[in-house]
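# Working through the structure, step by step
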Amino acid sequence: MTIYRGRFAPTPSGPLHFGSMVAAVGSFLDARSHGGTWLVRIDDLDPPRTVPGAAGAILRCLDAFGMHWDGEVVYQSTRSDAYHAALHQLRQSGRTYPCACSRKEISDAGLAGVEGAVYPGTCRNGLAAGREARALRVRTGGAVVEFHDGLQGHVRQALQEEIGDFVVYRADHVFAYHLACAVDDAEQGITDVVRGADLIASTPRQIHLQKLLGLPTPAYLHLPVAVNGAGEKLSKQTRAHAVDQSDPAATLYRVLRFLGFLPPADICGAGLHELRDWAIQNWRRESLPRAKSIPAPDA
């Protein structure tokens, strides 16, 4: 029998807000309700998005909410050797190629996909004379990735038509999130990934890389994303407020309500740990709302 291993992998771009707490609580409860391991990994690959002190603030917040992780926290910024090895494997097998295209050039091609402009394959057969490589892309060919999401159901994506050959190593010498995620999930033995539905369109790219690298594919469950009154995902860019740690039980109650659970009044009044334990015992995937986004309670 496979032993459950889950993870929460926040980007330290700021403190946790209600939306990121939904992902944290969902992944924590799913792991603990299965008697599994829950790991924390800090996605600090991208220096411009990393705010000094944010990683520590995130860990303190999780601790304040009684969500204690197993083992040591992994920081992706320390994992470049593993990503280099994976990239070398892709290059040796002819799966990557250098690309000289700018974002504007790709946008001007006018091909729209599920996440913006689709790369048209300009450099797939070699760089044009006088052009220098800006990034490395992985070939998608005719790959069609399909998987069953534990909440959102069947997902199908034709990579070349909907995404295009995608970047695995950026012009600023940063490894792409998809590559790092695929490598780290495999190395940490992750069996189940529970995260926000804003990442569901990214999952086929990670599965494609897993297949190319001979890595296992975890089971996926994408939770509804909390949105504001304008329908925008709560984030640093949309000025989402940091989660209030002065009354963690009240915030946890709001998260549970958002996820479709209604704790009884006596449990709510008993305190944080009693509420957390009730949530672990009563967590049911079938009770989760089958939506990709839901307005936040105070939206």
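So, a few notes on the structure that sits alongside this text. (Residues numbered from 1 in each chain as written. Predicted model: local features only at pLDDT ≥ 70, side-chain atom pairs only at ≥ 80, totals over all residues. Heavy atoms only, no water.)

## Considerations on the overall build of the protein
Helices and strands together make up the secondary structure of the protein, namely 10 helices and 14 strands. Taken over C-alpha atoms, the radius of gyration comes to 20 Å for the protein, in line with the 19 Å a tight globule of 299 residues would show. For the C-alpha atoms alone, the extent of the protein along its principal axes is close to 70 × 45 × 40 Å. In the protein, which comprises 299 residues, the proportion classed as buried is 51%. Sequence separation of 24 or more characterises 78% of the internal contacts of the protein that already satisfy a separation of 6 or more. (Helix = DSSP H or I, 4+ residues; strand = E, 2+ residues; numbered from the N terminus. Rg over C-alpha atoms; globule rule 2.2 N^0.38 Å. Buried < 20%, exposed > 50% of the residue type's maximum accessible area, 1.4 Å probe, protein only. Contact = heavy atoms within 4.5 Å.)

## Considerations on the layout of surface pockets
Of the volumes computed, that of the second largest pocket is approximately 230 Å³. As for the second largest pocket, its lining consists of 14 residues, and the residues nearest its centre are F18, L234, H241, R254 and D298. Of the residues that constitute the lining of the second largest pocket, the class distribution is 7 nonpolar, 3 polar and 4 charged. (1 Å grid on protein atoms, 1.4 Å probe; cavity = no way out; pocket = protein on both sides within 12 Å on 5 of 7 lines; lining within 4 Å. Points joined across faces, edges and corners; volume = space filled by probe spheres on them. Nonpolar A, V, L, I, M, F, W, Y, C, P; charged D, E, K, R; others polar.)

## Thoughts on the sheet that holds strand β1 (residues 5-8)
What the 3 strands build is an open sheet, ordered β1-β2-β3; its pairing is parallel. The open sheet has two free edges, formed respectively by β1 and β3 (74-75), since each of these has just one partner strand. The sheet contact formed by β1 and strand β2 (residues 37-42) spans 4 bridges and is parallel. Within the sheet, the bridge partner assigned to R5 lies in β2 and is T37. In this fold helix α2 (residues 54-64) packs onto β1, β2 and β3, with an angle of close to 160° to the strand it touches most, β2. (Pairing = 2+ DSSP bridges. Axes fitted to C-alpha atoms, helices over the stretch in contact; angles between N-to-C directions.)

## Overview of the packing of aromatic side chains
If you walk through the whole model with that rule in mind, you get 7 aromatic pairs. Three or more aromatic residues joined by ring pairs make a cluster, and in this case those are F8, F28 and W38. (Phe/Tyr/Trp six-rings, centres within 6.5 Å; stacked < 30°, edge-to-face > 60°.)

## Here we look at the state of the cysteines
As enumerated under the stated definition, the model contains 0 disulfides in all. Cysteine C99 remains unbridged, with the sulfur of C101 as its closest cysteine sulfur at 3.9 Å. Note on C99: relative accessible area 1%, which makes it buried. Just so you know, C123 is unpaired, no disulfide at all, and the nearest cysteine sulfur is the one on C101, 3.7 Å from it. (Disulfide = S-S within 2.5 Å.)

## Some words on unusual backbone geometry
The phi torsion at H173 lies on the positive side, around 65°, for a residue other than glycine. On the secondary structure map, H173 appears in the loop between β10 (166-169) and α6 (177-187). Taking the relative accessible area as the measure of exposure, H173 reaches 61% and is therefore exposed.

## Let's talk about the nonpolar core
Residues M21, L62, M67 and L259 are the most contacted members of the largest nonpolar core, which totals 47 residues. Mapped onto this core, the elements with two or more residues apiece are α1 (18-33), β2, α2, β12 (219-223), α8 (248-258) and α10 (272-282). Examining the composition of this core, we find that 9 residues originate from one element, α1, more than from any other. Ranked by size, the runner-up nonpolar core spans 30 residues in total, among them Y83, V155, V168 and L209. (Core = buried A, V, L, I, M, F, W, Y, C linked by side-chain atoms within 4.5 Å.)

## Some points on α8
All of the buried residues along α8 are P248, A249, T251, L252, V255, L256 and F258. Here the buried face of α8 lies against α1, α2, β13 (225-227), α10 and β14 (293-295). Immediately beyond the C-terminal end of α8, within one or two residues, lies G260, with a positive phi of roughly 95°.

## Some remarks on the pairing of strand β8 (residues 144-149)
Each regular strand displays side chains that alternate between the two surfaces of the sheet. Here β8 shows one buried face, formed by V145, F147 and D149, and one open face, formed by V144, E146 and H148. Where β8 lies against strand β9 (residues 153-158), 6 bridges are found, and the strand directions are antiparallel. Along β9, the bridge assignment pairs V145 with Q157. Connecting the antiparallel pair β8 and β9 is a turn made up of 3 residues.

## A look at the packing of helix α3 (residues 80-92) against α6
Angle between the axes and distance between the axes: these two values describe a pair of packed helices. The interhelical angle for the contact between α3 and α6, taken along N-to-C directions, is 110°, at an axis separation of 10 Å. If you check the angle between α3 and α6, you find them roughly perpendicular. Contacts between α3 and α6 involve A82, Y83, A86, L87 and L90 from the first element and L179, A180, V183, D184 and E187 from the second. Classifying every residue of the contact of α3 with α6 gives 8 nonpolar, no polar and 2 charged. (Parallel < 35°, antiparallel > 145°, perpendicular 65-115°, else oblique.)

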